[in-house]
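The chain contents come next:
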Amino acid sequence: MRSIKRASRRLPASLRGAPTSAPGSGARFLSTTAPTPSTATTNGSTNTSVTPISSVLIANRGEIALRVARTAASMGIRTTTLYTDIDAASQHAKCTPYAISLGAPSAYLDGPRIVELAKKHGIQALHPGYGFLSENPAFAKACEEAGIVFVGPPAKAMTDMGDKARSKEIMNASGVPCVPGYHGSEQSVEQLKARAAEIKYPVLLKSVKGGGGKGMRIVRTADEFEAQLKSARAEARASFGEGGEVMLVEKYIVRPRHVEVQVFADRHGNCVALGERDCSIQRRHQKILEESPAPLLDDVTRKDLWDKARKAALAVDYVGAGTVEFILDKDTNEFYFMEMNTRLQVEHPVSEMVTGTDLVEWQFRVAAGEKLPLTQDEIEARILERGAAIEARIYAENPEKGFFPDSGTLVHLSKPQTNEDVRIDAGFVEGDTVSEAYDGMIAKLIVRGKDRETAIRKLELALREYEVVGLSTNIEFLKRLCNSQAFIEGDVETGFIDNWKQELFGAKPTSNDVFAQAALGLLGTQTQNAPAAHGQTLGFGEAATQNSRKFAFRVQDDASTEEGKIVEVEVTQLNNKLFNVSVRKEGDDKPQVFENIVSESTSTTAPTSSAKKTKLTTYFPLARVNTTLVQDPADNEKLTVFQLGHKTQLRLVSPGWFDKALGLKEVAASVVAPMPCKILRNEVEEGQSVEKGAPLVVIESMKMETVIRSPQSGVIKKLAHKEGDICKAGTVLVLFEETDESS
């Protein structure tokens, strides 16, 4: 095979008219008129009927539902989506005039009801997306029996490849190498343990119905076999239902790479491989990053993988999009068949980028009875021309806490600009809620470059522009991954994250200009929104220093070496937009002072999430710095700073003098306004007894509500102001009865 690195050669003239744009390009092969059977000449002598698809029900949610809907619309196919109660306001429910409610969160798995809805509404075809019912042969068969075109493989091929033991029998018979192991029906603990001893430890236990890392355990010694088997079976049964507890025992490859081949077959006997993808960067046996072509793979092995994958698909009379997954042993460079996913994969955009195709469009055309749009030679020519592509999955999770999943509202969402080489497939927009009821993938970021090195650089730059507030994400982790030398060199395997844990999770210091910008941003928000009646430029200082404002931040960022520490900042305004800023980190002997810096800011409130956002441009002595500061509407003291491609999370806390004013450090006979404010309401009455921490007064400042709480237990003597009063900083709000002792 010609070298995969020859990316500069031009496409032949015969291919230049073929579509090379991102999904959503115009249709060439499928009529958008009402379904009228026609005939198409195959490679052989028989004619196969072609029935154009005019309507489709998407039996899925989120980004894949939106992605399928885009291509369907471009082909003139009327699209209907489904949604549950949780997804009623989701983007996929809004993307088409035709949307049907399913009710309960689990209803995406209700195959009989979904088929019945398609029949009731006269919908011609059904696209299952990925996950949910996409690899359920009973569902595919039910569609067929109901006269609905299932946009996927035949039920029999799904059954053959969906059972991992059966698929390995078929592959062995077809000459496709499989990992040594036991795939039999005898499932007693004693039998499986004996087979493990024959194979030799370490071994891998996995369910015959497994996928996504569920029901999978590595067993390194005989002593832990029974406990790991019990755990794997329980998880598999919960994930896959009856039959999920049936286990395979296979040799565990110590340094494996996960390499898969995208295949596509039609009803005319044609089958092509659209290149391979390396999916070795994983956590919990689940993919984080996928790329094509696979790095450090020689052309002989690459071509052999393609051929074996096509052979696997043809062995089961496959039709449609599928992925044949292999384990590549880094120590021997031998590869073994692992499984076949009988559906479109999450990472299919990687293959689209390197082949200039729209695989969902191919799915619709093949389901209609058409031939594949390209031959194997044409695909290989495109791969040589189009370079390398990488996909990063943006997840709601906390990598620093073991990739623990998160959920919540997207308070702030800013995405990189897209173009022909930068693509985003997303299911959410700012203001949407990522629910704990479903997978936590927020989006997929896909980039393409003339070679792998260029693609990595483009990915890192795009990730620097990706901003999310409201929940934890893996974006900062992905940036560090892009800068890992081992990753850049292509030294990948499924244990990559554990192998390079110190580099990927090592805490980094936060520069002082981040804290300076946070303070300037808060100051800009205050001065922009402060009522003229205050009569002050700044109002968070003592009377003699009204041109200064003090702030204190606690770093709440697991990736920072200052995590949990207090940083004090003092801003002194010298003139319009001219400031001195002093920053002192906890433990520092003296502060760092930025003198005569020019800063200007603009603050807005997001209409969808009510988040307060401030954009600053500040001219420090050595550089101009652009920063975005976001305040969480549910917690105004929670701040997120985006600066120079990095994210820092802070909490606004009371500086020492503020603590004293409120009596937080020592008992006080009064509570004062910490800043210029408006009294929204008093939460207590004169003469009332209160406990320490009880709410006293609710104030508004900088368009934010703040609850002033009692610094002590005692009796309210006087409420100094009523609702609607405007107060200066330091104004007494509440007086306590004086006592000899206070708790």
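Thresholds, definitions, all that
- Residues numbered from 1 in each chain as written.
- Predicted model: local features only at pLDDT ≥ 70, side-chain atom pairs only at ≥ 80, totals over all residues.
- Heavy atoms only, no water.
- Helix = DSSP H or I, 4+ residues; strand = E, 2+ residues; numbered from the N terminus.
- Buried < 20%, exposed > 50% of the residue type's maximum accessible area, 1.4 Å probe, protein only.
- Pairing = 2+ DSSP bridges.
- Axes fitted to C-alpha atoms, helices over the stretch in contact; angles between N-to-C directions.
- Parallel < 35°, antiparallel > 145°, perpendicular 65-115°, else oblique.
- Contact = heavy atoms within 4.5 Å.
- Polar contact = N/O pair within 3.5 Å; in protein donor to acceptor, adjacent residues only side chain to side chain.
- pLDDT = per-residue confidence, 0-100.
- Core = buried A, V, L, I, M, F, W, Y, C linked by side-chain atoms within 4.5 Å.
- Phe/Tyr/Trp six-rings, centres within 6.5 Å; stacked < 30°, edge-to-face > 60°.
- Salt bridge = Lys/Arg side-chain N within 4 Å of Asp/Glu carboxyl O.
- Arc of directions from axis to C-beta.
- Left-handed = near helix turned anticlockwise from the far one by under 90°.
- Nonpolar A, V, L, I, M, F, W, Y, C, P; charged D, E, K, R; others polar.

1. Concerning unusual backbone geometry
Part 1 of the reasoning: Here the amide bond leading from Tyr 201 into Pro 202 is cis, since omega sits at 5°, within 30 degrees of zero.
Part 2 of the reasoning: The residue Pro 202 is located in the loop between α7 (189-199) and β9 (203-211) in this model.
Part 3 of the reasoning: One non-glycine residue, His 285, lies in positive phi territory at about 60°.
Part 4 of the reasoning: Within the secondary structure, His 285 sits in the loop between β13 (271-283) and β14 (286-292).
Part 5 of the reasoning: With relative accessibility at 36%, the residue His 285 sits in the partly exposed group.
Part 6 of the reasoning: Positive phi values are uncommon outside glycine, yet Asn 596 reaches one of about 55°.
Part 7 of the reasoning: Structurally, Asn 596 can be placed in strand β29 (residues 592-605).

2. Observations regarding the pairing of strand β26 (residues 548-555)
Part 1 of the reasoning: By the criterion of burial, β26 is predominantly enclosed, with six of the eight residues buried.
Part 2 of the reasoning: Sheet topology places β26 next to strand β27 (residues 566-575); seven bridges connect them, and they run antiparallel. Within β27, the position partnered with Ala 552 by the bridge is Glu 568.
Part 3 of the reasoning: Examined bridge by bridge, β26 and strand β33 (residues 646-653) share four bridges and lie antiparallel to one another. Bridge assignment links Arg 554 to a residue of β33, and that residue is Arg 651.

3. Quick word on the packing of helix α4 (residues 137-145) against helix α5 (residues 155-162)
Part 1 of the reasoning: Following both chains from N to C, one finds α4 and α5 inclined at 175°, their axes separated by 8 Å at the closest point. Between α4 and α5, the angle falls in the class roughly antiparallel. Contacts between α4 and α5 pair Pro 137, Ala 140 and Lys 141 from the former with Ala 155, Met 158 and Thr 159 from the latter.

4. With respect to the side chain of Arg 480
Part 1 of the reasoning: Topologically, Arg 480 is positioned in helix α14 (residues 475-482).
Part 2 of the reasoning: Residue classification places Arg 480 among the buried positions, given a relative accessible area of 16%.
Part 3 of the reasoning: A distance of 2.5 Å separates the side chain of Arg 480 from the side chain of Glu 400, its partner in a polar contact.
Part 4 of the reasoning: Every residue in contact with Arg 480, bar those within four places of it in the chain, is listed here: Glu 400, Leu 504, Phe 505 and Ala 559.

5. As for the confidence of the model for the protein chain
Should the pLDDT be low somewhere, the predicted coordinates at that spot are not to be read in detail.
Part 1 of the reasoning: Averaged over every residue, the pLDDT of the protein chain is 87; residues scoring 70 or more account for 87%.
Part 2 of the reasoning: Confidence drops under a pLDDT of 50 for residues 531-546, and excluding neighbours within four residues, the segment shows 34 contacts in the predicted structure.
Part 3 of the reasoning: Confidence drops under pLDDT 50 across residues 660-667; counting only partners more than four residues distant or on other chains, this segment forms 16 contacts.

6. Quick notes on the sheet that holds strand β30 (residues 612-619)
Part 1 of the reasoning: Strand order around the closed barrel formed by eight strands is β26-β27-β28-β29-β30-β31-β32-β33, with antiparallel pairing between neighbours. Taken over all neighbouring pairs, the strand axes of this sheet differ in orientation by 35° on average, direction set aside.
Part 2 of the reasoning: Looking at chain direction, strand β28 (residues 578-585) and β29 are connected through five bridges and run antiparallel. Looking at β29, one finds that Leu 578 is bridged to Val 598.

7. Brief notes about the environment of Arg 195
Part 1 of the reasoning: Among the secondary structure elements, Arg 195 is positioned in helix α7.
Part 2 of the reasoning: By relative accessible area, Arg 195 is classed as partly exposed at 29%.
Part 3 of the reasoning: Considering only alpha carbons, one finds Arg 195 and His 183, twelve residues apart in sequence, at a separation of 9.9 Å.

8. Considering the sheet that holds strand β41 (residues 732-736)
The pairing of strands in a sheet comes from backbone hydrogen bonds and takes either a parallel or an antiparallel form.
Part 1 of the reasoning: Ordered by their spatial adjacency, four strands build an open sheet running β34-β41-β39-β36, and the pairing between neighbours is antiparallel. One side of each edge strand has no neighbouring strand; the edge strands of this open sheet are β34 (670-672) and β36 (689-690).
Part 2 of the reasoning: Strand direction decides the pairing type here: β36 and strand β39 (residues 714-719), joined by two bridges, are antiparallel. Its bridge partner lying in β39, Ser 689 is registered against Val 715.

9. What to know about the nonpolar core
Part 1 of the reasoning: Counting 60 residues, the largest nonpolar core has Phe 264, Phe 326, Phe 337, Trp 362 and Phe 364 as its most contacted members.
Part 2 of the reasoning: At six residues, helix α11 (residues 359-367) tops the list of elements feeding residues into this core.
Part 3 of the reasoning: Formed by 39 residues, the second largest nonpolar core is a distinct cluster that contains Ile 390, Ala 396, Ala 426 and Leu 478.

10. Some thoughts on the environment of Thr 301
Part 1 of the reasoning: Here Thr 301 shows up in helix α9 (residues 299-315).
Part 2 of the reasoning: The exposure class of Thr 301 is buried, given its relative accessible area of 10%.
Part 3 of the reasoning: Along the primary structure Thr 301 and Asn 333 are separated by 32 residues, whereas in three dimensions their C-alpha atoms are 8.5 Å apart.
Part 4 of the reasoning: Residues contacting Thr 301, with those up to four places away along its chain left out, are Asn 333 and Phe 335.

11. Looking at the packing of aromatic side chains
Part 1 of the reasoning: Throughout the structure, instances matching the rule amount to 13 aromatic pairs.
Part 2 of the reasoning: For the pair Tyr 108 and Tyr 438, a centre-to-centre distance of 5.6 Å together with 65° between the ring planes defines the contact as edge-to-face. A residue pair is termed long-range when its members are at least 10 positions apart, and Tyr 108 in the loop between β5 (98-103) and α3 (111-120) and Tyr 438 in the loop between β23 (433-434) and β24 (441-449) qualify at 330 residues. As far as the burial class goes, Tyr 108 and Tyr 438 line up, both buried.

12. Concerning the pattern of salt bridges
Part 1 of the reasoning: Taken as a whole, this structure holds 52 salt bridges when the rule is applied.
Part 2 of the reasoning: Among the ionic pairs, Glu 347 bridges to Lys 287, the shortest N-O distance being 2.6 Å. Within this pair, whereas Glu 347 is found in the loop between β16 (335-341) and α10 (348-355), its partner Lys 287 is found in strand β14, the two being separated by 60 residues in sequence. Each member of the pair, Glu 347 as well as Lys 287, is classed as buried.
Part 3 of the reasoning: Three or more residues joined by partner-sharing salt bridges are found here, namely Glu 260, Arg 277, Lys 287, Glu 290, Glu 325, Glu 347 and Arg 393.

13. Remarks on α7
Part 1 of the reasoning: By the burial criterion, the buried members of α7 are Leu 192, Ala 196 and Ile 199. Projected onto a plane normal to the axis of α7, the buried residues spread over an arc of 65° and lie on a single side. For α7, exposure combined with an orientation more than 90 degrees from the buried face picks out Glu 190 and Glu 198.

14. Some details on the pairing of β41
Part 1 of the reasoning: In this structure, β34 lies alongside β41, joined through three bridges in antiparallel fashion. Pairing of Val 672 across the sheet is with Val 732, part of β41.
Part 2 of the reasoning: In this sheet, β41 lies alongside β39 in antiparallel orientation, the contact comprising three bridges. Bridge pairing in β41 places Ile 716 opposite Phe 736.

15. Some details on the packing of helix α13 (residues 452-464) against α14
Part 1 of the reasoning: Running from N to C, α13 and α14 cross one another at 155°; their axes reach a closest spacing of 9 Å. In terms of orientation, α13 and α14 fall into the roughly antiparallel class. Between α13 and α14 lies a crossing whose hand is left-handed. Across the interface between the two elements, Ile 456, Leu 459, Glu 460, Leu 463 and Arg 464 from α13 touch Ile 475, Leu 478, Lys 479 and Cys 482 from α14.
Part 2 of the reasoning: Residue classes in the contact of α13 with α14 are distributed as six nonpolar, no polar and three charged.

16. Re the environment of Asn 474
Part 1 of the reasoning: Within the secondary structure, Asn 474 sits in the loop between β25 (467-469) and α14.
Part 2 of the reasoning: Separated by 78 residues in the primary sequence, Asn 474 and Ala 396 have C-alpha atoms spaced 6.9 Å apart.
Part 3 of the reasoning: Non-local contacts of Asn 474, meaning those with residues more than four positions away in its chain, are made with Ile 288, Arg 393, Ile 394, Tyr 395, Glu 397 and Pro 399.
Part 4 of the reasoning: Only 2.9 Å separates the side chain of Asn 474 from the backbone oxygen of Arg 393, close enough to count as a polar contact.

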